[in-house]
Amino acid sequence: ETQINGHESGNDTEKVVKEIVNDIVAKVASGESKSEKPPPKDRPLPTPGAKPNKDESNVDSPEKQLAMKLNVMQNDAYLLFRALTQLSMKKIPESIDPVAIKSKALALELLLSVIQSSGPMLRTHPKFVAFIKDKLVRSLLQNCVSSIPRIYKMAAPMFLALVAQFKPQMKYEIGVILNNIFLNMLSSPMSSYMQKSMAVMILLELCKDPQTIVELFLNFDCDITSDDKIFESIIIQLEKVAQGRFMSEALMSPQNESSLRLNALEALGHVTTSLIKWCHALKQETRQMESRERRESKSDADDASQSDGVEARASTARPKFSAQFNLQRERRNLIERAILLFNRKPKHGINFLVENGLLKKESKAVADFLKMHKKLDKTQIGEYMGEDKDFNKAVLYKYIEDLDFSGMQFDEALRHFLKGFRLPGEGQKIDRMVVKFADQYTTNNPYEKGGKFRTADGAYVLAYATIMLHTDLHNPGVKNKMSKEQFINMNRGIDDGNDIDPTFMSHLYDKIQQEEIHMTGDSAPSEWQNAANLNPRKRQTMFQKQTESLIKKTENLIRRKPRRRNAEGKGDKSTGEEKGLTTPVSIEENTLDSMGSEEWYDAKDADLNSLQPMFDLLWCPAFATFSLVLKENDEPRVAKLCLENYRSAIHLSSLFNMDTPRDAFVKSLQHFSLLGTSKPLSYKNIEAIRMLLQIAYTEGDYLNDSWGTVLQCVSEYDKLMRRSPASQTSVDVFDNGSGMGGARDSKKAKKSMMKAEQVYYQNAEILREQLDPALVDRVFTHSANLNSEAIVDFVRNLTQVSENEVYTMNETPRVFSLQKIVEITYYNMNRIRLVWTRIWNILSAYFAKAGCHPNLQVSLYSIDSLRQLAMKFLEKDELAHYHFQKQFLKPFEDIMANTNAQESKALIIQCISRMILGRVSNVRSGWKSVFIVLRIAAKDRDQSLVQAAFALMERIMLNYFTLIANTLQECVATLATFSANSFTNISLKSLDYVSKCSTFVANQCTDESKCGENKDSKGENGSRDSEEKTKSSFPVWLAILKCYSKLLVDKRLALQNRALQLLFDTLSSHGEMFGVELWKIIFSEILFPVFNTVGAASVASVEGNVGQGNNLQPPPQASKSRPPLPSTPNSLNWLKTTCLKAMTKVVEIFAQFQSKLKSLLPQVLALIQSCISQGNVDLARIGIQCWGQLMSIAGGKFDDGDWTLVIRYLHSLFEMTLPHELQAPRLRKSMGLPAKSPRNEDMLKSIEKNPQEEKNPPYGKAEGDTIRTDLLSYPRVVTKCLVHRQMMEASFTTFKMFYNNLKKEHVEEILTNLKSTITFLATYNADLDLQRKLFQSSFKSKTGGLFNLMDQEVEAYGYCMKMLQIMYQGGNPHFDDSKAADKQLRDTGEKIFKRYINDAVKLEGKSTEESVRLGNVVCALIEGFSTYTADQIKANMPTFFPRMLELVECGDLSVRRAVATFMRKQITPLLPFSSENKAAQS
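Engineer: Just to check I follow, could you spell out the overall build of the chain for this structure?
Structural biologist: Helix and strand content of the chain: 63 helices and zero strands. Out of the 1482 residues in the chain, the part that is buried amounts to 49%. Long-range contacts, defined here as pairs at least 24 residues apart, represent 76% of the contacts in the chain between residues at least 6 apart. Surface summary for the chain: the accessible area is close to 70400 Å², and the carbon and sulfur share equals 50%.

Engineer: Please clarify how the side chain of Arg415 should be interpreted in this entry.
Structural biologist: Along the chain, Arg415 falls in helix 19 (residues 410-418). Judged by relative accessible area, Arg415 falls into the buried class, the value being 13%. Among the polar contacts made by the side chain of Arg415, one reaches the main-chain carbonyl oxygen of Lys511 at a distance of 3.1 Å. Not counting the four nearest positions on each side in its chain, Arg415 is found in contact with Lys511, Ile512, Glu515, Glu516 and Ile517.

Engineer: When you look at the packing of helix 10 (residues 210-221) against helix 11 (residues 230-243) in this model, what are you seeing that I'm missing?
Structural biologist: When two helices pack together, their arrangement is captured by the angle between the axes and the distance separating the axes. At a minimum axis separation of 7 Å, helix 10 and helix 11 run at an interaxial angle of 120°. Comparing the axis directions of helix 10 and helix 11 gives the class oblique. Contacts between helix 10 and helix 11 involve Ile213, Leu216, Phe217, Phe220 and Asp221 on the former and, on the latter, Ile230, Phe231, Glu232 and Ile234. Considered class by class, the residues forming the contact of helix 10 with helix 11 number seven nonpolar, no polar and two charged.

Engineer: Help me understand the packing of aromatic side chains in this model?
Structural biologist: How two aromatic rings sit relative to each other is given by the distance of their centres and the angle of their planes. Under the definition given, this model contains 53 aromatic pairs. Each ring, one from Trp707 and one from Phe794, has its centre 4.7 Å from the other, and the planes form 90°; the classification is edge-to-face. Placement of Trp707 in helix 30 (residues 707-722) and of Phe794 in helix 33 (residues 788-806) is noted, with a sequence separation of 87 residues between them. Aromatic pair Phe873 and Phe888: ring centres 4.4 Å apart, planes at 5°, arrangement stacked. Of the two residues, Phe873 is situated in helix 36 (residues 856-873) and Phe888 in helix 37 (residues 884-898); the sequence distance between them amounts to 15 residues. An identical accessibility class is assigned to Phe873 and Phe888; each is buried. An aromatic cluster is defined as three or more aromatic residues linked by ring pairs; in this entry it consists of Tyr399, Phe405, Phe410, Phe417, Phe421, Phe437, Tyr441, Phe453 and Phe504. The ring centre of Tyr78 lies 4.5 Å from the NZ or CZ of Lys127, which sits over that ring.

Engineer: What exactly am I supposed to notice about the packing of helix 35 (residues 833-850) against helix 36 here?
Structural biologist: Relative to each other, helix 35 and helix 36 sit at 150°, their axes nearing to 9 Å. Here helix 35 is positioned roughly antiparallel relative to helix 36, judged by the angle of their axes. Taken as a pair, helix 35 and helix 36 cross one another with a handedness that is left-handed. In this structure, helix 35 contributes Trp836, Trp840, Phe847 and Ala850 to the contact, and helix 36 contributes Val858, Ser859, Ser862, Ser865, Leu866, Leu869 and Phe873. Its residues placed into classes, the contact of helix 35 with helix 36 shows eight nonpolar, three polar and no charged.

Engineer: I would appreciate a short explanation of the confidence of the model for the chain in the present structure.
Structural biologist: One rule of thumb: low pLDDT means the predicted coordinates there are not for detailed reading. Across the chain, the average pLDDT comes to 78, with 77% of residues at or above 70. Here residues 563-597 scores under 50 on pLDDT; set against residues more than four positions off or in separate chains, the count is 71 contacts. Under a pLDDT of 50 for its full length, residues 1100-1127 has, in the predicted model, 61 contacts with residues more than four places off or in other chains.

Engineer: Mind showing me how you'd approach the environment of Phe978 here?
Structural biologist: With respect to the helices, strands and loops of the structure, Phe978 is situated in helix 41 (residues 968-979). Placed twelve residues apart in sequence, Phe978 and Ser990 show a C-alpha to C-alpha distance of 6.2 Å. Not counting the four nearest positions on each side in its chain, Phe978 is found in contact with Leu934, Ala938, Val946, Ala949, Phe950, Met953, Ile986, Ser987 and Ser990.

Engineer: What is the right way to read the environment of Leu1067 from this model?
Structural biologist: Along the chain, Leu1067 turns up in helix 44 (residues 1053-1070). Distance from Leu1067 to Val1146, taken between C-alpha atoms, is 10.0 Å for residues 79 residues apart in sequence. Residues contacting Leu1067, with those up to four places away along its chain left out, are Leu1041, Phe1074, Trp1079, Ile1082, Leu1087, Ile1149 and Phe1153.

Engineer: Help me understand the nonpolar core, please; the structure alone is not making it clear to me.
Structural biologist: As a rule of thumb, nonpolar side chains are buried together in soluble globular proteins. With 337 residues, the main nonpolar core has Phe182, Leu611 and Phe892 as its most contacted residues. Take this core: its biggest share by element is twelve residues, from helix 12 (residues 254-302). Sequence-distant contacts of Leu611, defined by excluding residues within four places in its chain, comprise Val214, Leu218, Leu275, Trp278, Cys279, Leu282, Ala606 and Phe656. Of all hydrophobic cores here, the second largest spans 57 residues; its members include Leu359, Phe405, Ile494 and Leu508.

Engineer: Explain the side chain of Asn263 here, please?
Structural biologist: Secondary-structure assignment places Asn263 in helix 12. Take Asn263: its relative accessible area is 14%, and that puts it in the buried class. For Asn263, the contacting residues outside a window of four places in its chain are Val200, Met201 and Leu204.

Engineer: In this structure, what is going on with unusual backbone geometry? I would like to understand it.
Structural biologist: Excluding glycine, most residues fall at negative phi; most peptide bonds, likewise, are trans. Its identity is not glycine, yet Asp496 carries a phi of approximately 55°, on the positive side. Its place among the elements puts Asp496 in the loop between helix 22 (484-490) and helix 23 (502-514). Located in the positive-phi region is Asn657, a residue other than glycine, with phi close to 55°. Examined against the element boundaries, Asn657 turns out to sit in the loop between helix 27 (636-655) and helix 28 (659-673). Look at Asn657 and you get exposed, because its relative accessible area is 56%.

Engineer: Where do I start with the pattern of salt bridges in this structure?
Structural biologist: Side-chain pairs of opposite charge can arise where the charged atoms are in close proximity. Applying the stated criterion across every chain, the model contains 54 salt bridges. The partner of Lys429 in a salt bridge is Glu387, and the shortest N-O contact between them spans 3.5 Å. On the criterion of sequence distance, the pair formed by Lys429 in helix 20 (residues 427-444) and Glu387 in the loop between helix 17 (378-385) and helix 18 (390-401) is long-range, its members being 42 residues apart. One network of salt bridges, in which partners are shared, links Lys229, Glu232, Glu336 and Lys375.

Engineer: When you look at helix 28 in this model, what are you seeing that I'm missing?
Structural biologist: Residues spaced three or four apart along an α-helix point in a common direction, a consequence of the helix completing one turn every 3.6 residues. The first and last C-alpha atoms of helix 28 sit 21 Å apart over 15 residues, in line with the 21 Å expected at 1.5 Å per residue. Within helix 28, burial applies to Pro661, Arg662, Ala664, Phe665, Val666, Ser668, Leu669, Phe672 and Ser673. The elements touched by buried residues of helix 28 are helix 26 (608-632), helix 27, helix 29 (683-698) and helix 30. In the stretch just after helix 28, Leu674 is the one whose phi turns positive, near 60°.

Engineer: Mind showing me how you'd approach helix 15 (residues 346-355) here?
Structural biologist: Of the residues making up helix 15, those classed as buried are Pro346, Gly349, Ile350, Phe352 and Leu353. The buried residues of helix 15 occupy an angular sector of 155° when the element is viewed end-on, so they sit on one face.

Engineer: Please explain the environment of Glu173 as it appears in this structure.
Structural biologist: On the secondary structure map, Glu173 appears in helix 8 (residues 171-187). For the pair Glu173 and Lys133, spaced 40 residues apart in sequence, the C-alpha separation works out to 7.3 Å.

What counts, and where the lines are drawn
Residues numbered from 1 in each chain as written. Predicted model: local features only at pLDDT ≥ 70, side-chain atom pairs only at ≥ 80, totals over all residues. Heavy atoms only, no water. Helix = DSSP H or I, 4+ residues; strand = E, 2+ residues; numbered from the N terminus. Buried < 20%, exposed > 50% of the residue type's maximum accessible area, 1.4 Å probe, protein only. Contact = heavy atoms within 4.5 Å. Areas by Shrake-Rupley, 256 points an atom, 1.4 Å probe, with all protein chains shown as cover. Polar contact = N/O pair within 3.5 Å; in protein donor to acceptor, adjacent residues only side chain to side chain. Axes fitted to C-alpha atoms, helices over the stretch in contact; angles between N-to-C directions. Parallel < 35°, antiparallel > 145°, perpendicular 65-115°, else oblique. Nonpolar A, V, L, I, M, F, W, Y, C, P; charged D, E, K, R; others polar. Phe/Tyr/Trp six-rings, centres within 6.5 Å; stacked < 30°, edge-to-face > 60°. Lys NZ or Arg CZ within 6 Å of the ring centre and 35° of its normal. Left-handed = near helix turned anticlockwise from the far one by under 90°. pLDDT = per-residue confidence, 0-100. Core = buried A, V, L, I, M, F, W, Y, C linked by side-chain atoms within 4.5 Å. Salt bridge = Lys/Arg side-chain N within 4 Å of Asp/Glu carboxyl O. Expected span 1.5 Å × (residues − 1). Arc of directions from axis to C-beta.

Quick look at the structure:
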């Protein structure tokens, strides 16, 4: 030091000393490097002066000699290090001595060199580490708050060197220094610019190092035992400085303020870049580790002997840091939430901790918690401990009992007591606290050992008096302050009747007057709030006062550093367990201990999950700072820095997959781009646009929904560029049809618009000059490199932007984004099918919507764009069984179905035609979409569109028919639609093409059938293969037949006839291909529905009764819900023209394939029954005619079960066509006649109670009837009578034709039907009262007389007698028919003869229509007798011969002639003279 003072050149001396120290340090370092391996753990390095162990007495050993030499060098280094430290701590006199400053600066430089050059030995030796943590830290604290710039400038690199080299050993000291010194410098209004700048530079250097900033977060913000969140505090202070908050409180120049803010901004930016670097390093390390583990697992799998070792290593592996970290973060978050609850209501916060297992419900634990956490509201702590409850009192006592007032002055003890809480306002609460304080103070300082108080009462009174004095002296509202004499006199005799020492009382008064009692965490003194108004000297004085307080506080914190649990779990009373904080059991105890211990956690052990909360803390302050600075500052350097930070933040958001921060930064960039506004662009706005485009290029895989913001900016950019006269084009801008406001706009509005347009033009020119358009194009070309999820997000957002362009309300529609959709579709055409499907699902829906745009130009442009994509896509081959072409062409279908613009439809037809011509060989599943489009066009009313579509259809049928074999069903459906349109010539041509399809399908089935027969000699496999082929092609057959079926009821007769011919020719020609099940489908879905037009139904009501032996119960009646009667002109015309042909063809088809269609007989009969029972005479006649046809051509093949079914339906028809309503009891009762029990009462009741029959009567409408009852109308009754008479004839025809095939029960059922009819008719005809009542109600016969059914009755008798005579003649092989008919014939004939004779007698030679009809029946009966055998004649002569004689007497001429003929043929040969007469005649 003397040499230094005497040397003329201080710089030369400094260099010499530096060289000497560096040489010593180098030797120590070289000695450390020779000892590559550190000393074993069980043999710690001996400290200087320590005695050697007994086993180390052998100094002759080379190793021992080397160890002793190293120890001597270390001791020398330690002594030098201590000297330099002491020199650095030397105080500089108030009269600033340059030599002292140089000496101190030199010592600091040398210490810095030592710290920076330290090796492992220096960093781990306990003596060095202890000295650094004690002395060097104190030196650092003194020098970092020095008022000499050269000194405190050296403190910054010293602290950074300690952080870099001694982080694991100085965790607690680093946190205390950062929080209490440097961060306080930034927040203090008294610190100078240079000091604030030094603090910012320290934070800047810390933020530049990725590992350091991450470790600060992990070791302080994630440590549950750490009171301070260092990383969060750094971010908050940097945010305040960068935003310029509180800068007005410090006197500094604008340049200095700008520099300080810029450094803080850079520091925040470095936090983001450091976090990015460390995340990438972790990812790289993770990939390398995974690769290494894969190699190891592969080698372990090859070596089975090592498998157990692998499992053992896996089982003992340390849990991932993220699990530990998440637990710590969760516990810390719960505690912070509890603190918030406590600050609102203390009881709730304590209960929350207890419920979550974080705090024991013990007074000791709660008291420790109240002292531990600085964020607890001091007022609430005082209120909680002052409550008059047992537990609260216990907490108060434990709180005070843990305070040690030993050796403290009374005011110091009172200050120490009151620093942790604020006294409550209630006097009783204060009293309890002061009483306990006085007791504790007296206990810790007993009078016998030098204490001031004999009893606790004196301390209690003085404590109260001191609190009152403090309030009196420091309350601005008190004008008359208490004097010292007043204070002393007020407290006389308080100590057990004795006075307290006046000197003590005077000193106490002075201390309270000089220094106000502050709680921990109280705000700065009020004069600090006006720091900006103070002169520099006053500010400097106050800062020195503040720094002295900070240094003292910091040294106390370091000196009283809390002891924490070590790795073995040992601890003292200050540990978390003793303080009541419990440990969750989900993580191992040793792991949790290490997380909350003095151990420095290395950032290399972290993972991305544990770093995400770091960005959670960072992004909000960073966003606020970057956006505010960018908004307020137009300087290019600052703007570029902010925008680079934007990119880093967005990249971090991508790494952590956090949507909210990413969206916030991207939308902020959009805001600063000024695109879409009328504001002039500046440098930062252009750079914002460039940065947005750059982010889209580099971070595209992670933008997700933020793509919408980026693409909206791109759209606005294009819109702006289009405003430039040099760029205007009509390619992507269309007229929306709305004219300009013109004269309606005010002059002011026009002027504003002109001004805005001028700004637009200027902005466009600026962008043209300064922004490369390739950056915009790169956003779209780079889409091919996006991952699978990102490209889907990109496409979805691009379609939304395009939709906004084309559906804009007050602007001209634009198709810029629509054009880009086409481009990016080209770029991404080669993606895998799974991804492409997701992309096209979005695009398909959008094209379908855009193609229906009300603006025709937009619609046509969309369709043409879709065509371009389709042509490109059809270049790819499609494998069988895939349907992606159909999916791709679906927008054409949607547009065609939903648009109302004929031009758009015509363009779609043209596009489809071009695709067919250009890519026909590649079309596979796309044919389905082609046919769907053509079907939609075929339904249109525009003839030109239909003709264009049909021309394309003809081209396909003529030129490419072989290519559509797999979509033949769609082709037939399309042709069916064409055939149903309103243009007859197209319809007829379509039917011809449908016929071509049927021939093609039939030939395919036939060819494969022949191939199958050739393969198997027996033909069984071939037949089976043919049936399978027919089943596989049946959907096509069904489509063909449905086409014909629907046209059968077309209103155009030419189409009806052509469809009828093709339908039944097809069935007749190819029916052998169909099995029974297929035929059932054909009848139920093709043939039967045809007759629904005229109200016929094919419901098989009796199918379930087939084959049940003699059970000949009538089938159930038809459903109450009847099909509608033919009422429209079309249905009536069809009934008269085509219905009979169609029904006849159905019957013929049934007969042709009767062996296969036997099971369909019930449906066919039900159809005929429905026709007959509809109440329409023409339809009934058709049904009866078809009944007869069915019986004639198919009856010969009926078996017993079939005949049982036929007879049941016949019985049902007899009952349904008989006018039962004429004998309805309700009708008779309404006319005042006695109600007679009808023969079929159940049927009458069902008729009467059927409301559906009233609405839709089965036998004609009752309109115009003269009689209005529920069930009786003249047309309906007449129709029934006519149909019933025809049914009797059809029944007799069937009986006569197939009599020998019928069994006894069948014959009896037919006769029963006739007899029932006769009974009903005879009953009615005999009821003259009813006929007169009906006559009075204008219910008359055609001749105007009474309405009777005599002729129908007579006709029924005739059919009955004919049937009995056929039976009597015999010939039925199933039963003895003659015997069965004998008695019935005599009884019935007797009745007929008697009735005729009685009527003839009454008429006395006159004749009526009824008598003539009855006479005909009699003649027929007599003629039947002519066919009897001699034995039959002899058997019936006693019954009929007398009646014949009476007929000769009273019968008319025809009857008498019939009798004469009978006598001549049958009776005469039986007489005795018959042989003589024959001889005479001969």
